[in-house]
Structures are given as C-alpha cells and as structure tokens.
Amino acid sequence: MSSIPSLVLKDREKRRARRRKKIRDFFFLLFGHRMGLVGSIIIVTFIAVAIAAPVLHTVDPKQSGKAANILQPPSFHFWFGTDDLGRDIWSQTLYGSRISLLIGFLSAIVTVVTGAIIGIIAGFYGGVIEELLMRIVDFFMMIPELPLMIVLAAVLGPSIWNIIFVVSLVSWPTTARVVRSQVLSLKERPFVEASRCIGANDFLLMFGEILPNVIPILFAEAVVMVTEAIYAEAVLSFLGLGDPTRISWGTMLHFAFESGAMASAPWWVIPPILSIVILIIGFSFLGTAISDILKPGYKEMKGF
Amino acid sequence: MKTLQFAIKKTIAALITIFAIICTNFVIFRMAPGDPVRMMFRDPRVSAAQLQAMREKFGLDKPLGIQFIDYLKQLAHGNLGYSFWQKRPVIDVIGDRIGQTLLLVVTALVIAVVVGTLLGALSGWKSGSKVDRAILSLSLVFYSIPTFAMGILLLLIFGYLLLLFPLGGITTPASGLTGFANIKDIAWHMVLPTFSIVLWYFGEYVLLTRGSMVDVLDQDYIITARSKGLRESVILRRHALRNALLPVVTLTGVNLGFAVAGVIEAETVFSWPGIGRLAYDAVMKRDYPLLQGVFLVFAVSVVLANLVVDLIYSRIDPRIKTGVSNE
Amino acid sequence: MVGMGESILEVKNLHIHYLTRVGPARAVDGIDFSIKKNTTLGLIGESGCGKTTAAMSIMRFIMPPGRIVDGEILFEGDDIVKMSEERLRKLRGKKLTIVRQEAQNALNPVMTIGDQIAEVILEHESVTKAEAWERAEKQLDLVGISHKRIKSYPHELSGGMRQRVMIAIATACHPDFIILDEPITGLDVIVQRQLLVLINNLREQLNLTALFIAHDLSVISETCDYVVVMYAGKVMERADKYSLFGNPLHPYSRALIEAYPSIRGDRKELVSIPGAPPRLIDPPKGCRFHPRCKYATDVCREEEPELREVDGHYVACHLIE
C-alpha cells in the first residue's frame, strides 16, 4: 500500500499501471486459491445462466399449464417437471437465478456504500459524531435480523425493492463497524497528514485518501453481503414475503411447501434448494479466499 | 467492585436498548403504507362506518404521540395486543408456545456450541493439517446451507423417503401418550428440526473457536508454558483453551440473532408449535398485533440473553474481574 | 552429573537455517562454544546476528520454517538435537530454563502468578499443591515481590514485576542452567538496574550456570565471565571478559567496544560501524564482516577465516596472528 498521498502522485499513467498490476495480481492469487477458484467458477456459471435464461428456458415460467400437466415428474417436455399450477420448473429455476443475483448484488452495493460512508464519517470525525453513529450501529446489531426483516417486509409489502431495502437496512451496520475500525488505524498514518498539509479539506481526505485504502476490505465485505442477501431473500420468500410476480427460488419453495405436495413432487423442491445452496457456497468460498488473500503475508507466502 | 460497576453499566445499556426496540416496534407498524385497519379487514364488504368504529376501538384515530403513550401503558400491563387470528390476547398465544421454542432452541444451541467449539479447538490446535482442512471445509459447506433448506432436505430424505422421522408437529396427533412415552415421542419429533438448526450453527462456532485458538497459540505465554516442560495436554487445556474460549463466550451473545433465525425457519418447516412458527402464521394471516408481539418477544429475549452472557463473561475474565492494571 | 570445571553446555558446529522461497537463510552458520559449570557466558552481537536463534535452539524451540540442519548441542553430555521430545520436555523447566525479553503477553492472563509458578514445580516434582504454593511464595520473596501478591493476575503487575515473575518461574525448580535472552532489554533504566542486581545475586545464591544474551556491552561486562561475539551467524571472537574488553582482537569486537561511549575522559564524536549486517540468504564471500571492516584485505574477501587461538582468545580473522 502506498504511503504517498494519491493527490500528490500526478503521474496518472503510473497510477493506472499500478492499479492494473494490482488487479492482475489479485486474480492470480484468487484463482490459485482452491476455494477461490471453485467459488469463482460457481458464481460465473450462475451469472451466465441468469443472463442466458431467455435462451435456455423451454417454456414461459409464468405460464400455467393444462390440468393434465399438474405436478408432473421430469420429462422430455418439462426437464425438471411441473408444479401444482402446471408451470415448468426448469424455466422457473433459470429465471429464479436472476432474482437471487439481482437482489444479492443490489443489496450488497447499497449496504456497502451506506456502511462505508457512515463508517468513514464516524471514524474520521470521532468524538460525538462517532459515538452517536456507533450507538445506532450497536442498536441495529443487537436486534435479531430475521424477525426485523420479517416485520419490515410484512409492513412494507411484497416487492423486490422492499426486499433490497430491508436487507440493506439490516446489514449496513456490520460494514460500518468494520470500515470504521479500518479508518481509525488509517487516520494516524503519515499520508493523511501529508495530504492535510497540502491543504486537502475533510471531504477530499475522507473520500480521496482514506476511501481508496478501505476498498480492499470493502470488497471482502461486499462478497459477504451478497451471501447474506441471497440467504435473506430466500428465507423471506420462503416465508411468503417475497414478490409473487417475480418467482425466485425461495418463492418456489414457498409454493411447494404451502401446497403440501412436497413429498409427492420432490422435483419441485430439489432444484431451488440446490441452487440456493450451491450459489451460497460459491460466495462463501469466494469470501473465504478473499479474506485469506487480504491477510498480511499471504502474497509473500505465495511467492509474490 | 469492578464487577458490580460493569454489571450496572451493562444492565442500563440493555434497558435503553429494550426501550429503543419498543419504540422501533411502534414506529414500524405505524409506518405501514395504507390504512392499518384496512389491512386487518381486507374484506370489501366491511363498511366504512364499521372500519371507523374499529379505528376508534383500537385508538387508531388518536394523534400519534398519544397512541405511543397508550402503547407504553399497555405494555406496562403486559398487554401485547389482541390477535385477530386466534381471537385471544397476544400474550396468551405467545405464552402457550414459548416453552416449545425454548426446548428446541436451547437443545440445538447446546449441541451446536459444544460440537462446534470442540471441533474448532481441534482445528485450531492442528492448524494447517489435513484434519484442520477437513473440518474447515465441512463447516464452510454446512454453514452455507440455510436452516430452512437443510430442514426441507432432512424432511425429504429422513421423513418422506426413509420414513425414519415424523413429518412435523411436536407429538403424534391423537396418540394420547403420557409420561415417559410422551417425552420419547416429543424427542423423536425434535430430532430433525434440531439438526436443521445445529448443522448450520455449529459451523459458526468452529470458525470462531478455530480463529481464537490460532491467535492464542501465537502468544508468548504458550512459549513460556512450553519452556516449563509442561505436557501438551496441560498446555492445551490450561493455557490455550482457557484463553481461546473467552472471545467465544462474548460472541455467543452476538450470535443469538442467528439462533432466532434458525428457530423461526425450523419451526416453520416442521410445523413445530413454537413462537417461530407463530411469526410465519402471523404473516400468512396478516395478524399484525401477533407479529408485533412475536417480534418484541424475540428482540427483548436476545437483549436479555446478551446481558446474561456479558455478566457471565465479567466473572470469568480476570481482566474485567479485577479491573485494569495498577501500574 | 557435571563436576566443577566441566562444561554443562557444549555447542558444536551448529547450523540453523530458515527456509524461504528464495533459498535458506543461514541464521546460524557453524558456531561452537561451551559453558563451564557455575560460569556465565555472554553472547553479544547486533540484531539479527543469530544469538536469539542460537538460544532458542538450545531449548529446541526452533519452529518451521526454521530448522537445525547440523551440529550438536550437548547438555550435560546428551545431544539436545537428537533427544526424544519426551526426554527434552522433562529437562525443560527443571534443569534447562529460559527467561526471554519482556513481552506483554509472556504470562498467561487468566492464571494467577502463584499458579503459574506453582505449575512448573508441580510438573517436575512430586509435592502437594500446598507445598508447591509455599514454594511459590518463597520464589516471590527471592525475586523481591511481596508474597501477598501471589494471587494477582499478570495485568495487575508492572513490566519489571512481570519479568521478576519470569525469573521466579525459571528458578523455581533449582535448574542447573538458565538462558537469559535479553532479560532486561526494553525496561526503563532504573528497573533494568534492579533486575540486573537481582540476576547477579541469584546467580551466586543458586549456583547458576548461565547463558546471557544482550546487545548492551555494559550489561555483559557486569554479569559474564566469558564472552562470545557473533556476527551474521558466525562467531568472530571468544575470550574471557577481561581479555576481550581489555584487548579486543577482532576488528568487529574492537569496533563494538569503541562504539560504546565512555563516561570518562574527553568528549569525542560517537563512532559507529558503517553499513548494515548482511542478508543471511546470500552472505558475503570470505569473511562475513569484510564489507564493513576498515582493515579488509584481498584474502579477507576470498577466504573465510577459521577460529584460531591467539593469545588466550579464539579469533576468526586473517589479520590476527
């Protein structure tokens, strides 16, 4: 990590080249890490599936079928079988990936941005501001997450934007806390003082100097947040709080559960469950790999 | 008397948090878009006059500030509202079911904590070895399977497919069992839901304890212990574990929120008649007072449990017991 | 049993390497010395010269990526390098003990100091808990801590007191041999003096044989009988205290002693040794010290000097005959 204030380093080309090298090095380390590699493959596969859903699906997932097609086991026509309304499960599963990934990524972005801003402000200014913000953070961390999310989702109504809001609201405190402790240690470093000496104001210091150094840990947090968001969306949908117009894996499970047909139609249940589990495993592995890579000494150990 | 100071500080903090939770509870249910009374009675045949009468009955036409004071007064009397679905006071509904939830959650927690901590300590002690890697991978995989997903899988495999365990509920209906036979029946019904919770939760403790153990083993006092010529088992027990387990105790409190999530999911999947399942039913039936009551009970329980954990911790960590150094 | 005049510890041709990705770092590259009963050997040198590594190897505390690759460490005749773990464990704490540089966390924070002293006694001797506790009290008296503090926790003690507890622990089983690895470094000067006096008294009282490691020459001169000067993993000079300080032969020893300002006489400019110690992965050819030595000649740059006896000293230098 450079201790030269980035405001002073005028040579843009050098800066860009350094950044490119850092990113290249990071990917090398990531794919060299066993879990990192597996996780990345899983995630990329799911993203590819989500994007290719319109191409890969066989039947319109919202299309209710004829009475004769209710609860059919997997067949040539319906690759994963049908549900209690005759809808194609393969197609539902494909499109479900879109919801999970969309909500996962969007929630993570909102959470991380909010947490970062609050964490940086709290850590930078200290004093009363920090106390106040951290009390709010502590309060949120004390409340059990799922009950709070259930209550909020129930009150706000079923829609994916509400889900994103609810998940972010519950998750930003952890990020804020992590960012703040990072900022506390960065605050004392010479490069911050150096920037101050050349006249940088608070805003520039916070977001020009400190923020770039917080990015690695933000990235790690973001991955964890995606994992949490995917889980949260799945649970909330399973409990019936999801958006009924956008079928996600959790919603599929909710319908399966409510219909009482779980025993007789395991093909309805297995694809969404496996999808949820494998996607979460993918992000978990990625998260573990990133936290390993960020540990001091890891790069050296691998010969960089 | 440092312990007493600490205890008082923490108790006050807990009370403030509980108050904040009560306020939050109030605010959330008043900020629902739309008319709360409309939401409770979605039947369009209900006339406007009847709705207005309902509004007055529940005090929903009064200004917000007065509503809040009323709410506090009610709470002070132990009145958590009236459940529309069950047609009785919320507190009664919750009171009926809380025992079942406690049974499930305490059993699951104890098993998960013990197994997780032991495996985590082993993993940390043998950090880097095959045993360590195996335990880590296993924990990480199980940690990625949410309780409700695990519940459904266990239900399908062990319930439906292998017919080894019942498909839900706490007892076999209409069996009329009593005494010990009844207890066995309950235990049999408890197996799958407990495991759904345990299989996720223990991973948390493996990771926690392992991390703590690895940190402790890096410390100087472990070298000092070795230089005394102590046996490995003694070093592990008296020096490594005793220090490694301290942060695990603190983090138990923080993790109780996950235990709550686990029990809500497990009770829903297995129709276990506890307050977790009540949350699901309340959502499905749009019984907002009940949902409010359940949320309050869960949130306050977690705060109180955290307080208990903090107080226990202050007794076992000498640095808190005797206060900071007198240099 | 080791009789008077015999060596308790003999280090022969010790080589310790730290394996890195770019090759082995030769932290200790062939050193020899021995310590006679009831004497104190001082080991001095700059940071990184290998003295702590050597000390830790006597207790066999070298962890991967470090490894003892060659040599013998004979403790009372038995080779520590080849000993079984179980036998070594029985020696540690009982006959072979160590006091290391003061660390915040060298004592277990959740055990009382009384327990931590009694622990080593209970491990090696068959006494009752009450007897061990009594002995612990006596140990505290010995090191100058009121035995009313026996139930205190480490965080309640100052740095100097904690170091005294370490000494109490190390001497609890009346060991034959004690390693003192920079035991007073890092403490404030008054505490340093107190501890030094304590250590010297204990050496006499308990008839200890000791290895004292420091980088402060004055401390070495006060406590040791015999001195070994190390540089870059090798021994540069070995002599008894008076010979070394009176007439240092090796240019490095001379430079070290000259760098130490005298409180008497005229004020002179401080002398230091230019340059820095070499990287141990790729040490200089020939004499390790030649890049910084003002007397270096061609042979110094080519051939490694052997340790030779000259005038009662053992010196590794081509220029000393």
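Residues numbered from 1 in each chain as written. Chains lettered and ligands numbered in written order. Predicted model: local features only at pLDDT ≥ 70, side-chain atom pairs only at ≥ 80, totals over all residues.

Each helix and strand in chain C was counted, giving 10 helices and 12 strands. For chain C, whose C-alpha radius of gyration is 21 Å, the value lies close to the compact-globule estimate of 20 Å for 321 residues. If you line up chain C on its principal axes, its C-alpha atoms span 65 × 50 × 40 Å. The buried share of chain C, taken over its 321 residues, is 45%. Sequence-distant contacts, at least 24 apart, represent 64% of the contacts inside chain C between residues at least 6 apart. (Helix = DSSP H or I, 4+ residues; strand = E, 2+ residues; numbered from the N terminus. Rg over C-alpha atoms; globule rule 2.2 N^0.38 Å. Buried ≥ 20, exposed ≤ 12 C-beta atoms within 10 Å, placed from the backbone. Contact = placed C-beta atoms within 7 Å.)

What chain B contains, in helices and strands, is 13 helices and two strands. Considered along the principal axes of its C-alpha atoms, chain B spans approximately 85 × 60 × 40 Å. Here chain B holds 327 residues, and 39% of them are scored as buried. For chain B, contacts bridging at least 24 residues in sequence account for 73% of all contacts bridging at least 6.

For the pair helix 10 (residues 266-294) of chain A and helix 7 (residues 147-161) of chain B, the least separation of the axes is 10 Å and the interaxial angle reads 145°. In the packing of helix 10 of chain A onto helix 7 of chain B, the handedness of the crossing is left-handed. The segment helix 10 of chain A lies against helix 7 of chain B, with Pro266(A), Val269(A), Ile273(A), Ile276(A) and Val277(A) engaging Ala149(B), Ile152(B), Leu153(B) and Leu156(B). (Axes fitted to C-alpha atoms, helices over the stretch in contact; angles between N-to-C directions. Left-handed = near helix turned anticlockwise from the far one by under 90°.)

Let's shift gears to the interface of chain B and chain A. Think of interface size as the accessible area that goes away when the parts come together; that is how it is often given. Taken together, the contact between chain B and chain A spans 37 residues of the former and 32 residues of the latter. Looking at the side of chain B that touches chain A, the elements with two or more residues in it are helix 1 (2-30), helix 6 (130-143), helix 7, helix 10 (232-269), helix 11 (275-284) and helix 12 (288-316) of chain B. For the side of chain B that touches chain A, the element with the most residues is helix 12 of chain B, which contributes seven residues. Across the side of chain B that touches chain A, the residue classes break down as 31 nonpolar, five polar and one charged. (Nonpolar A, V, L, I, M, F, W, Y, C, P; charged D, E, K, R; others polar.)

Our next topic: the sheet that holds strand 7 (residues 177-181) of chain C. All names here are of chain C. The strand order across the open sheet formed by eight strands is 6-7-8-3-9-10-12-11, and the pairing between neighbours is mixed. Both outer strands of the open sheet, strand 6 (96-99) and strand 11 (308-310), are each paired with one neighbouring strand and no more. Along the sheet, successive strands turn relative to each other by an average axial angle of 20°, direction set aside. Sheet topology note: the strand 3 (residues 40-44)/strand 9 (residues 226-231) ladder contains four bridges and is parallel. Residue pairing across strands places Ile-44 opposite Val-229, the latter belonging to strand 9. (Pairing = 2+ DSSP bridges.)

Our next topic: the pairing of strand 2 (residues 23-36) of chain C. Pairing of strand 1 (residues 7-20) of chain C with strand 2 of chain C involves 11 bridges; the strand directions are antiparallel. Bridge assignment links Ile16(C) to a residue of strand 2 of chain C, and that residue is Val28(C).

Time to look at the sheet that holds strand 1 of chain C. Residue and element names in this part refer to chain C. One open sheet accounts for four strands, arranged 2-1-4-5; its pairing is antiparallel. At either end of the open sheet lies a strand with only one pairing partner, and these are strand 2 and strand 5 (78-79). Note: strand 4 (residues 66-75) against strand 5, two bridges, orientation antiparallel. What sits directly across from Phe-75, in strand 5, is Asp-78.

Moving on to helix 6 (residues 160-187) of chain A. For helix 6 of chain A, spanning 28 residues, the distance from its first C-alpha to its last is 38 Å, which sits close to the expected 40 Å at 1.5 Å a residue. The largest bend along helix 6 of chain A reaches roughly 35° and is located at Ser171(A), with the proline Pro173(A) sitting one to four residues downstream. (Expected span 1.5 Å × (residues − 1). Bend = angle between axes of the 7 residues up to and from the residue.)

For helix 9 (residues 251-259) of chain C, the set of buried residues is Pro251(C), Tyr252(C), Ser253(C) and Leu256(C). Tucked inside the fold, the buried residues of helix 9 of chain C contact helix 7 (217-223), strand 9, strand 10 (234-240) and helix 8 (241-246) of chain C.

What follows covers the confidence of the model for chain B. Looking at chain B, pLDDT values average 85 and 91% of them are 70 or higher. Helix 2 (residues 36-40) of chain B is the least confidently modelled element of chain B, averaging 59 in pLDDT, while helix 9 (residues 220-227) of chain B averages 93, the highest of any element. (pLDDT = per-residue confidence, 0-100.)

Quick look at the pairing of strand 8 (residues 209-214) of chain C now. All names here are of chain C. The buried fraction of strand 8 is high, at six of six residues. A two-sided burial pattern is seen for strand 8, the buried positions comprising Thr-209, Leu-211 and Ile-213 on one face and Ala-210, Phe-212 and Ala-214 on the other. In this structure, strand 3 lies alongside strand 8, joined through five bridges in parallel fashion. Residue pairing for strand 8: Leu-41 is matched across the bridge by Leu-211. Taken together, the five bridges between strand 7 and strand 8 define a ladder with parallel strand orientation. Looking across to strand 8, one finds that Ile-178 is bridged to Ala-210.

Counting 148 residues, the largest nonpolar core has Met149(A), Ile150(A), Ala279(B), Leu291(B) and Val294(B) as the members making the most contacts within it. At 18 residues, helix 8 (residues 202-238) of chain A tops the list of elements feeding residues into this core. Look past the residues within four positions of Met149(A) in its chain and what remains in contact with it is Val166(A), Val167(A), Val170(A), Ala232(A) and Leu236(A). One finds Leu43(C), Leu122(C), Leu211(C) and Phe212(C) within the second-largest nonpolar core, a separate group that totals 91 residues. (Core = buried A, V, L, I, M, F, W, Y, C linked by C-beta atoms within 7 Å.)

A separate point is the packing of helix 1 of chain B against helix 12 of chain B. Residues and elements named next belong to chain B. Two elements in contact, helix 1 and helix 12, have axes whose closest approach is 10 Å; the angle formed by their N-to-C orientations is 165°. Taken as axis vectors, helix 1 and helix 12 run roughly antiparallel relative to one another. As helix 1 runs across helix 12, the sense of the crossing is right-handed. In terms of residue class, the contact of helix 1 with helix 12 is built from 15 nonpolar, six polar and three charged. (Parallel < 35°, antiparallel > 145°, perpendicular 65-115°, else oblique.)

Moving on: unusual backbone geometry. Cis geometry marks the peptide bond from Pro64(C) to Pro65(C); its omega dihedral reads 10°. Considering the arrangement of structural elements, one finds Pro65(C) in the loop between helix 1 (51-58) and strand 4. You will see that Ser271(B), though not glycine, has its phi angle at about 50°, which is positive. Examined against the element boundaries, Ser271(B) turns out to sit in the loop between helix 10 and helix 11.

Attention now moves to the confidence of the model for chain C. Here chain C averages 87 in pLDDT, and 98% of its residues register 70 or above. Both confidence scores are given for the complex: pTM 0.81, ipTM 0.87.

Looking at the element boundaries, Pro247(B) is found in helix 10. Each C-alpha atom, one on Pro247(B) and one on Met150(B), is 28 Å from the other, the two residues being 97 residues apart in sequence.

Moving on, we come to the environment of Gln50(B). Here Gln50(B) is to be found in helix 3 (residues 48-57). Note on Gln50(B): 12 C-beta atoms within 10 Å, which makes it exposed.

So, on to the environment of Gly297(A). With respect to the helices, strands and loops of the structure, Gly297(A) is situated in the loop between helix 10 and helix 11 (298-301). For Gly297(A) and Ile99(A), which are 198 residues apart along the polypeptide, the C-alpha to C-alpha distance reads 38 Å.

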